[in-house]
Amino acid sequence: MKILVTGGLGYIGSHTVVALQNSGYDVVVVDNLSNSSIDVLDRIESISGTRPQYQELELRDKSAVTSFFEKHKDINGIIHFAASKAVGESLENPLLYYENNLNTLVYLLQECEKHKLANFIFSSSCTVYGEPDSLPITEAAPVKNATSPYGNTKQIAEEILVDLCRVSETLNSIALRYFNPIGAHKSAEIGELPKGAPQNLVPFITQTAAGIREQLSVFGDDYDTEDGSCIRDYIHVVDLANAHVVALERLLNKKNKSNYEVFNIGTGRGSSVLEVVHAFEKVTDQKLNYKIVDRRPGDVVSVYADTNKANNELGWKSEKTMEDALESAWEWEKKVRGI
């Protein structure tokens, strides 16, 4: 079985490529290297013993996408990660996000229809829920007005998939709405290494501990939570990667109950920003220099998943702890920095 992974050299993509190869799949990776590095190919090979096929590809180039699928007519499934993903950046540059996250999806789906490709896993996000009415969030929770262009692109992308699956004779799709991925592979060969300043909490924590960043900013301590900081559902990236393999196999084995399904992928537990900071300090014995600053536009107060549908229907469950994730993230940071 040949599986196409778009954005397969990125953070979540690379871990999923490893999980696919460990499960016996033949993987083809496309990536434009906008937020990743070519040496991730070597790192994937060192973990799994297999080097995935790779093509540098700009998915915003419609003709290039068409040419790719003409050469790879034996693809059995697609896992689509390639997208811009930072809430703050999307507020500053919304057109980039609409072009990069929506045009690319349309071009891929046009090729799926043309070549009658059936199995499509979409990388969605809990941001589609906006500020939830109640917690934990189930898949039946209403999709709210997005608080950022990034979140809006995930909502629109899901709508595109719903509309296409309604009329397509061949397409089956699963959208995985995941919460906050953290951590790294236990080998410390792959992990989260953003270009420029990190947009996510844990790499900012590890870079601060490593001396790359002078200080960690905690955006607000006056939210309606126990310690005043925002609450998120932090899931180990290896657990998240495994969810993609399980979802893909659901489609390949025709176990899906409809041709468009949605699953929350999280731990079911919320942790505050300050909880994560203190857990990192405890696990690694590193004292963090952090400062409370003003709230950040686009942040919701509290988000964590109801994972019953994923656990019972999809047959997937998170296994790793917050401590596992933070320890692996720190080992990865130290290896990258030569500490």
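Before reading further, recall that the structure is shown in the block above.
Residues numbered from 1 in each chain as written. Predicted model: local features only at pLDDT ≥ 70, side-chain atom pairs only at ≥ 80, totals over all residues. Heavy atoms only, no water.

**Q** What is the right way to look at helix α3 (residues 62-71) in this model?
**A** The periodicity of an α-helix, 3.6 residues per turn, causes residues three or four places apart in sequence to face the same way. Considered for burial, the residues of α3 that qualify are Ala64, Val65, Phe68 and Phe69. Taken end-on, α3 shows its buried residues confined to a sector of 135 degrees, consistent with a single buried face. Each element contacted by the buried residues of α3 is listed here: β1 (2-6), β2 (26-31), β3 (53-56), β4 (75-80) and α5 (94-115). (Buried < 20%, exposed > 50% of the residue type's maximum accessible area, 1.4 Å probe, protein only. Helix = DSSP H or I, 4+ residues; strand = E, 2+ residues; numbered from the N terminus. Arc of directions from axis to C-beta. Contact = heavy atoms within 4.5 Å.)

**Q** It is not clear to me how the environment of His115 should be interpreted in this structure. Could you clarify?
**A** Its place among the elements puts His115 in helix α5. For His115, a relative accessible area of 22% gives the class partly exposed. Residues His115 and Thr170, 55 residues apart in the sequence, show an inter-C-alpha distance of 9.6 Å. Beyond its immediate chain neighbours, meaning those up to four positions away, His115 contacts Phe69, Glu70 and Lys73.

**Q** Would you explain the packing of aromatic side chains in this entry?
**A** The relative placement of two aromatic rings is captured by the distance of their centres and the angle of their planes. With the rule as written, the count across this model stands at two aromatic pairs. Between the aromatic rings of Phe68 and Phe69, the centroid separation amounts to 5.4 Å while the plane-to-plane angle is 85 degrees, which identifies the pairing as edge-to-face. In this structure, Phe68 and Phe69 share a single accessibility class: buried. Ring centres of Phe280 and Trp330 lie 5.7 Å apart, and the angle between their planes is 85 degrees; on these two criteria the pair is classed as edge-to-face. Note that Phe280 is positioned in helix α9 (residues 273-284) and Trp330 in helix α11 (residues 322-337), a separation of 50 residues in sequence. Trp330 carries the same exposure label as Phe280, and that label is buried. Residue placement shows Arg213 over the ring face of Phe204; its charged tip is 5.9 Å from the ring centre. (Phe/Tyr/Trp six-rings, centres within 6.5 Å; stacked < 30°, edge-to-face > 60°. Lys NZ or Arg CZ within 6 Å of the ring centre and 35° of its normal.)

**Q** I keep staring at the sheet that holds β2 and nothing clicks. Help me out?
**A** Taken in spatial order, the seven strands line up as β3-β2-β1-β4-β5-β6-β11 in an open sheet, and their pairing is parallel. The open sheet has two edge strands, β3 and β11 (260-265), and neither has a second partner. Between one strand axis and the next, the sheet turns by 20 degrees as a mean value, whatever way the strands run. Sheet topology places β2 next to β3; four bridges connect them, and they run parallel. Each bridged residue has a counterpart across the sheet, and for Val30 the counterpart in β3 is Gln55. Seen against the sheet, helix α8 (residues 237-252) touches β1, β4, β5 (119-125), β6 (172-178) and β11 and runs at an angle of roughly 160 degrees to β6. (Pairing = 2+ DSSP bridges. Axes fitted to C-alpha atoms, helices over the stretch in contact; angles between N-to-C directions.)

**Q** Quick question: what am I supposed to make of unusual backbone geometry here?
**A** Note: most residues except glycine have negative phi, and most peptide bonds are trans. Residue Leu135 is joined to Pro136 through a cis peptide bond whose omega torsion reads -5 degrees. A positive phi angle, close to 55 degrees, is found at Lys116, a residue other than glycine. By the secondary structure assignment, Lys116 is in the loop between α5 and β5. The exposed category is assigned to Lys116, whose relative accessible area is 58%. Within the chain, Asp285 stands out as a residue other than glycine whose phi angle is a positive 60 degrees. With respect to the secondary-structure elements, Asp285 resides in the loop between α9 and β13 (290-293). A relative accessible area of 71% places Asp285 in the exposed class.

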